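An overview of the molecular structure
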Amino acid sequence: MNIFRTKDVSLGRTEMRRHLKLWDLILLGIGAMVGTGIFTITGTAAATLAGPSLVVSIVISALCVSLSALFFAEFASRVPATGGAYSYLYAILGELPAWIAGWLTIMEFMTAISGVASGWAAYFKGLLSNYGISMPQVLNGTFNPEQGTYIDLLPILVLALVTGLVLLNSKAALRFNSLLVVLKFSALALFILVGIWHIKPENWTNFAPFGFGQIYGGSTGIMAGASLMFFGFLGFESISMAVDEIQSPQKNIPRGIVLSLSIVTILYALVTLVLTGIVHYSKLNVDDAVAFSLRSIGIGWAANYVSLIAILTLITVCISMTYALSRMIYSLARDGRLLPQSFKQLSKTSRVPKNATILTGVASAIAAGIFPLASIAAFLNICTLAYLILLAYGIIKLRKEKGMPKEGEFKTPLVPLLPILSILICVSFMLQYSLDTWIAFGIALVVGLVIYFTYGFRHSTLAEEE
């Protein structure tokens, strides 16, 4: 029973259309990353974990993500395959580690889509309440009979819309995504340009009120803030999952990842500095921190614009991640047959993986309608950090087995030093989370292993060859 059998799943040809350029990839990455993290979590993290020093937390979190982005970039140029970390590890570490990475990626993206849809619904409900409009109680919240709520209908409706857009064709979905990304930038640019004139330096005086925190096992401080802000960068790996549709993927995937990540890091840092400069950090524990800060200085028109754009543009994260997750499921069904073959079917006209896309939409909608947003953020992070540890180890083994990258391929510097550093940072972030999060993570791993040993191992293409 060889659970570490390897398979090179890179493709020279593809049934999908190669039409995505570098600009499409940059917007895809930004669309996936800039959303709930910048509009909501920056305020919560500043108020409860790090204060104005959250900007340092962002830099530390960006460092962790940047290291992983380097590994993604080298794998993407040397093993150009759809499926992201799953495909890369299948070729280097073997089937079981690849399946675990794939399963954790599915958990990450599905809960991220659900969480963002729930966040969008909260913003939209707030807008409706200003006009005296509200949903019926039974359809106005996640499952909680004591409160009279059974299902949250609005996030389900928005995910039905997103699924329909992604099913049309990837180019149309990404064009719509690009338009919303531009609107998102306009709102954040307005916030920075207006807010910078109302900064009070005294709000930064107690720069690190919670201290640095602990490297391992902390609950507050800069490190705890970095662990939470990691959520804000999730989605950067969605670029590598679109390899089948990218022109010159060996060059454009590394460029798309590095450029989109750099832009997002600068944007997060600027917004955080202005946010904590306008309003004292202790007042920022609100769901709409950016708009709240503008209202607090009497600029209601700008706050209303930011709120409206936030409602519209949170959809971009759902589009980007639905797009990426459907390709992940498609890859698992096609390359290794670790999932049923029906999920590799492409639509006849638009050539998109229709069943994988529908599964993504349905599963995410169910989760968004039943489970509260607060219960999934830490689970989402810990799943991502776990497979990034596997990826860091994979880059070390890739160099050991395949040697240095060839001319024209992306080269991660300082291997194995940087992969080891990445592993240590990821472990540090994981140990910031509570026991409940670890229990949920353990249950998810067990479910994934049960699926693999009861279905995936027996139906694998490698099993058939053996």
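Residues numbered from 1 in each chain as written. Predicted model: local features only at pLDDT ≥ 70, side-chain atom pairs only at ≥ 80, totals over all residues. Heavy atoms only, no water.

**Digging into the overall build of the protein**
Quick reminder of the rule: Counting from the N terminus, the helices are DSSP H or I runs at least four residues long and the strands are E runs at least two residues long. Remark: exposure states derive from per-residue accessible area (1.4 Å probe, protein chains only) relative to the maximum for the residue type, with buried under 20%, exposed over 50%, and partly exposed in between. Contacts are residue-level and defined by heavy atoms, with any inter-residue pair within 4.5 Å sufficient. Note on areas: Shrake-Rupley with a 1.4 Å probe; residue coverage comes only from the protein chains shown.
In terms of regular secondary structure, the protein is built from 16 helices and 0 strands. For the protein, the residues scored as buried account for 58% of the 466 residues in total. Nonlocal contacts in the protein, meaning residues at least 24 apart in sequence, comprise 83% of its contacts between residues at least 6 apart. By element, 66% of the accessible surface of the protein is carried by carbon and sulfur atoms, the whole surface being about 17,900 Å².

**Description of the pattern of salt bridges**
A side chain of one charge can pair with a side chain of the opposite charge if their charged atoms are brought near each other. For the record, the criterion: For this analysis, a salt bridge means a side-chain nitrogen from Lys or Arg found within 4 Å of a carboxyl oxygen belonging to Asp or Glu.
Tallying each qualifying case throughout the model produces 3 salt bridges. For Glu 74, the salt bridge is made with Arg 399, and the minimal N-O distance between the two is 2.9 Å. You can see Glu 74 sitting in helix α3 (residues 54–78) and its partner Arg 399 sitting in helix α13 (residues 377–402), a full 325 residues away along the chain. Notably, a salt bridge pairs Glu 401 with Lys 397, separated by 3.6 Å at the nearest N-O pair. Placement of the pair is Glu 401 and Lys 397 together in helix α13, with a separation of 4 residues, close to one helical turn. The exposure class assigned to Lys 397 is partly exposed, which follows from its relative accessible area of 25%. Residues participating in the shared-partner salt-bridge network are Glu 74, Arg 78 and Arg 399.

**Side note on the packing of aromatic side chains**
Rule in force here: Classification of ring pairs rests on two measures: the distance between centres of Phe, Tyr or Trp rings, Trp counted by its six-membered ring, which must be within 6.5 Å, and the angle between planes, read as stacked under 30 degrees, edge-to-face over 60 and tilted in between.
For the coordinates displayed, the defined rule picks out 10 aromatic pairs. Ring centres 6.1 Å apart and planes at 75° place the aromatic pair Phe 72 and Tyr 88 in the edge-to-face group. Note that Phe 72 is positioned in helix α3 and Tyr 88 in helix α4 (residues 85–92), a separation of 16 residues in sequence. Overall, Phe 72 belongs to the buried group, its relative accessible area being 1%. When the centroid spacing of 6.1 Å and the interplanar angle of 75° are considered together, the rings of Phe 210 and Tyr 281 count as edge-to-face.

**Regarding the environment of Gly 225**
Its location among the elements puts Gly 225 in helix α8 (residues 222–229). Residues Gly 225 and Ile 60 lie 165 residues apart in sequence; the distance between their C-alpha atoms is 9.4 Å. Excluding anything up to four places from it in sequence, Gly 225 contacts Leu 49, Leu 54 and Ser 57.

**Considerations on the side chain of Lys 184**
Here Lys 184 lies in helix α7 (residues 170–195). Ignoring anything within four residues of it in the chain, the contact list for Lys 184 reads Ile 30, Gly 31, Val 34, Gly 35, Phe 39, Ile 309, Thr 313, Thr 316 and Val 317.

**A short note on unusual backbone geometry**
For the peptide bond that leads from Val 415 to Pro 416, omega is 15°, which places it in the cis range. Even without being a glycine, Leu 414 presents a positive backbone phi close to 55°. For Leu 414, the position within the fold is in the loop between α13 and α14 (417–430). Accessibility expressed as a relative area gives 57% for Leu 414, which makes it exposed.

**Brief notes about the side chain of Thr 412**
With respect to the helices, strands and loops of the structure, Thr 412 is situated in the loop between α13 and α14. With residues up to four places along the chain from it excluded, the contact list for Thr 412 reads Leu 70, Phe 71, Glu 74 and Arg 399.

**Quick word on helix α12 (residues 354–370)**
Put simply, the rule reads: Residue count minus one, scaled by 1.5 Å, sets the expected span of a helix.
Here α12 is 17 residues long and its end C-alpha atoms lie 24 Å apart, about the 24 Å a rise of 1.5 Å per residue gives. Residues of α12 that are buried include every one of Ala 356, Thr 357, Thr 360, Gly 361, Ser 364, Ala 365, Ala 367, Ala 368 and Gly 369, and no others.

**Examining a nonpolar patch on the surface**
Operational definition: Only residues whose relative accessible area exceeds 30% and that form no salt bridge are eligible for patches; like-charged ones are grouped when within 9 Å, while nonpolar side chains (Val, Leu, Ile, Met, Phe, Trp, Tyr) are grouped when within 5 Å.
Together, Phe 212, Ile 215, Tyr 216, Ile 420, Leu 424, Leu 431, Leu 435, Trp 438, Ile 439, Ile 443 and Val 447 make up an exposed nonpolar region whose accessible area comes to about 1,000 Å². For the nonpolar patch, the elements supplying multiple residues, two or more each, are α14 and α15 (435–459). If you tally residues by element for the nonpolar patch, the top one is α15, at 5 residues. Among the structural elements, Phe 212 can be located in the loop between α7 and α8. For Phe 212, a relative accessible area of 41% corresponds to the partly exposed category.

**Comments concerning the packing of α13 against α15**
Put simply, the test is: Axis geometry follows a simple rule: fit a line to the C-alpha atoms, using only the stretch in contact for helices, then measure angles between N-to-C directions, giving values from 0 to 180 degrees. What sets the label is the angle itself: under 35 degrees gives roughly parallel, over 145 gives roughly antiparallel, 65 to 115 gives roughly perpendicular, and the rest give oblique. Working rule for handedness: look at the near helix, and if it is turned counterclockwise from the far one by less than a right angle, call the crossing left-handed; if clockwise, right-handed. Classification used: nonpolar for Ala, Val, Leu, Ile, Met, Phe, Trp, Tyr, Cys and Pro, charged for Asp, Glu, Lys and Arg, polar for all others including Gly.
Contact geometry for α13 and α15: axes closest at 9 Å, N-to-C directions at 55°. Considering the angle they form, α13 stands oblique to α15. The two elements α13 and α15 meet at a crossing, and its hand is right-handed. Taking contact as the criterion, the partners of Ala 378, Phe 379, Ile 382, Cys 383 and Ala 386 in α13 are, on α15, Thr 437, Trp 438, Ala 440, Phe 441 and Ala 444. Tallied by class, the residues present in the contact of α13 with α15 amount to 9 nonpolar, 1 polar and no charged.

**Thoughts on the packing of α4 against α13**
Between α4 and α13, the shortest axis-to-axis distance is 9 Å and the interhelical angle comes to 40°. The angle between α4 and α13 falls in the class oblique. Viewed along their axes, α4 and α13 form a crossing whose handedness is left-handed. Judged by residue contacts, Ala 85, Tyr 88, Leu 89 and Ile 92 of α4 engage Tyr 387, Leu 390, Leu 391, Gly 394, Lys 397, Leu 398, Glu 401 and Lys 402 from α13. Among the residues making up the contact of α4 with α13, the classes are represented as 8 nonpolar, 1 polar and 3 charged.

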